[in-house]
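These are the residues of each chain, in order.
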2 protein chains.
Amino acid sequence: MASTSTSTDDKLTALQAILDSMPPARAMQIRVQGWHADRLRLHAPLAANVNDKACAFGGSLASIMTLAAWSQCWLQAHTADWSADIFVADSQIEYQKPLYEDLVAEAWLDAQSQWEDVIRNGKQKGRARAVLHARVMREDGESVCRMQARYALIATT
Amino acid sequence: MASTSTSTDDKLTALQAILDSMPPARAMQIRVQGWHADRLRLHAPLAANVNDKACAFGGSLASIMTLAAWSQCWLQAHTADWSADIFVADSQIEYQKPLYEDLVAEAWLDAQSQWEDVIRNGKQKGRARAVLHARVMREDGESVCRMQARYALIATT
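Since the structure is predicted, the reported quantities are computational estimates derived from the model, not experimental observations.

Trainee: I keep staring at the relation of the copies chain B and chain A and nothing clicks. Help me out?
Mentor: Here chain B sits on chain A after a turn of 180° about the axis and a move of 0.0 Å along it, with an RMSD of 0.0 Å. In short, the pair behaves as if placed about a two-fold rotation axis. If distances are taken from each C-alpha of chain B to the rotation axis, the shortest is found for Q92 of chain B, at 2.2 Å. Interface overlap between copies is the fraction of interface residues in one copy that are interface residues in the other; for chain B against chain A it reaches 100%, indicating a shared surface.

As structure tokens, this is what we get:
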């Protein structure tokens, strides 16, 4: 079990390094917070993502959800040893209420899909599609916004 | 005509000050580029908004479109001397192609609406809804992504 745990830590460290290499993610101060039960969680402080009304900026909410879902795809491809570029194709976002706390986002694969199938398709055909969901939640667990988005995973040439 | 022009410049300066007061917009280095024919245009350098693939980060594209549409609402309310808080309620974004240039976004009101009606509703009822469109375009004018979003304008109490 120790080796599995270390392996997961290594993946999350590699993911954090990718996020840190992106100036907008670095400006948002996004940190990988965990990856449990196929849910990837990111954190960003409110201070770096606040709007003119002292709550979280809509664009930062969109960004952290987009990155959480992207990170989930990246981790799955990386775990399956498949080298793929990952692009967001489209997204629908619903902003439900203002957030006056730090941003915590989690992302997960649509319930009608399995990562095994997505990755198998990708390895066979060189590309795959995945529908992801994400939300930003308050400390009490209540969602403040949610996203559904399609991602394209394309084998690195 | 000179006074009208100065007045528009004053509004765009006030808008820029609001954007500059928001840490995420400041980090994206967003500049108000112009406001013509009821289209508000924002600019942000690629370097501050680049992803791991050397093109514009999807979250930054979402952010600049969300801000361009928000700014359009703010300018209309400000011009009509109506003090309102403006919130994005939902958005649908389509990412059409990667962008390897600076980000230039423009936003405009849905063709089925008139700003006069939105503002009149807002002043009468204390709140109004508006459907906005936005896009990010390349220097050659081609769109790389587009957004449709609903905004709520609520009278400041």
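Trainee: I'm lost on the sheet that holds strand 3 (residues 84-95) of chain A in this one. Help?
Mentor: Consider a sheet: its strands pair through backbone hydrogen bonds, and that pairing is either parallel or antiparallel. Spatial strand order, 1(A)-2(A)-4(A)-5(A)-6(A)-3(A)-3(B)-6(B)-5(B)-4(B)-2(B)-1(B): twelve strands in an open sheet with antiparallel pairing. Lying at the two open borders of the sheet, with one neighbouring strand each, are strand 1 (31-36) of chain A together with strand 1 (31-36) of chain B. On average, each strand axis in the sheet is inclined to that of its neighbour by 25°, with strand direction left out of account. Packing of helix 4 (residues 115-125) of chain A onto the sheet brings it into contact with strand 4 (103-109) and strand 5 (127-137) of chain A, and relative to strand 5 of chain A it is tilted by some 145°. Along the sheet face, helix 4 (residues 115-125) of chain B touches strand 4 (103-109) and strand 5 (127-137) of chain B and points at about 145° away from the line of strand 5 of chain B.

Trainee: I'm lost on the environment of S21 of chain B in this one. Help?
Mentor: Along the chain, S21 of chain B turns up in the loop between helix 1 (2-20) and helix 2 (23-27). A residue is classified by how much of its surface remains accessible, and S21 of chain B, at 43% relative accessible area, is partly exposed.

Trainee: Is there a simple way to think about the pairing of strand 3 of chain A in this case?
Mentor: On a regular strand, one side chain projects to one face of the sheet and the next to the other, so that they alternate. Pairing of strand 3 of chain A with strand 6 (residues 143-155) of chain A involves eleven bridges; the strand directions are antiparallel. Its bridge partner lying in strand 6 of chain A, Y95 of chain A is registered against C145 of chain A.

Trainee: Sorry if this is basic, but what is going on with the packing of aromatic side chains here?
Mentor: The description of an aromatic ring pair uses the distance of the two centres, along with the angle that the planes make with each other. Applying the stated criterion across every chain yields a total of zero aromatic pairs over all chains. The residue whose ring lies beneath R39 of chain A is W108 of chain A, and the NZ or CZ to ring-centre distance is 3.9 Å.

Trainee: Please clarify how the side chain of D110 of chain B should be interpreted in this entry.
Mentor: Residues and elements named next belong to chain B. Assignment of secondary structure puts D110 in the loop between strand 4 and helix 4. Of the side chains with opposite charge, R39 comes closest to the buried, unpaired D110, at an N-O distance of 10 Å. Among residues more than four places away in sequence, those in contact with D110 are V131, L132 and H133.

Trainee: I would appreciate a short explanation of unusual backbone geometry in the present structure.
Mentor: Outside of glycine, negative phi angles account for most residues, and trans bonds account for most peptide bonds. The residue D81 of chain A is not glycine, and still its phi comes out positive at about 60°. Take D81 of chain A: it is sitting in the loop between helix 3 (58-79) and strand 3. At Q29 of chain B, a position not held by glycine, the phi torsion is positive, near 60°. Note on placement: Q29 of chain B falls in the loop between helix 2 and strand 1. By relative accessible area, which is 45% here, Q29 of chain B ends up partly exposed.

Trainee: What's the story with helix 4 of chain B in this structure? I'm lost.
Mentor: Residue and element names in this part refer to chain B. Within helix 4 the residues assigned to the buried category are W115, V118, I119 and G122. Looking straight down helix 4, one finds its buried side chains confined to an arc of 90°; they lie on one side. Residues of helix 4 that are exposed and point more than 90 degrees away from the buried face comprise E116, Q124 and K125. Buried-residue contacts for helix 4 involve helix 3 (58-79), strand 4 and strand 5. At the exit of helix 4 stands G126, carrying a positive phi of roughly 85°.

Trainee: Would you mind going over the interface of chain B and chain A with me for this structure?
Mentor: Size of an interface, as often reported, equals the accessible area lost when the parts are brought together. Taken together, the 31 residues of chain B in the interface contact 31 residues of chain A. Buried area between chain B and chain A, summed over both chains or domains, comes out near 2,400 Å², and the portion from carbon and sulfur atoms is 67%. Three residues stand out in chain B for area buried against chain A, namely K53, F57 and Y95 of chain B, and they jointly supply 23% of the buried area on that side. At the junction of chain B and chain A, the tally comes to zero salt bridges. The interface formed by chain B and chain A contains nine residue pairs in polar contact (both at pLDDT 80 or more).

About the criteria used
- Residues numbered from 1 in each chain as written.
- Chains lettered and ligands numbered in written order.
- Predicted model: local features only at pLDDT ≥ 70, side-chain atom pairs only at ≥ 80, totals over all residues.
- Heavy atoms only, no water.
- Least-squares fit on C-alpha atoms with pLDDT ≥ 70 in both.
- Contact = heavy atoms within 4.5 Å.
- Pairing = 2+ DSSP bridges.
- Helix = DSSP H or I, 4+ residues; strand = E, 2+ residues; numbered from the N terminus.
- Axes fitted to C-alpha atoms, helices over the stretch in contact; angles between N-to-C directions.
- Buried < 20%, exposed > 50% of the residue type's maximum accessible area, 1.4 Å probe, protein only.
- Phe/Tyr/Trp six-rings, centres within 6.5 Å; stacked < 30°, edge-to-face > 60°.
- Lys NZ or Arg CZ within 6 Å of the ring centre and 35° of its normal.
- Lys, Arg positive; Asp, Glu negative; His and termini not counted.
- Salt bridge = Lys/Arg side-chain N within 4 Å of Asp/Glu carboxyl O.
- Arc of directions from axis to C-beta.
- Buried area = accessible area lost by both parts, 1.4 Å probe.
- Polar contact = N/O pair within 3.5 Å; in protein donor to acceptor, adjacent residues only side chain to side chain.

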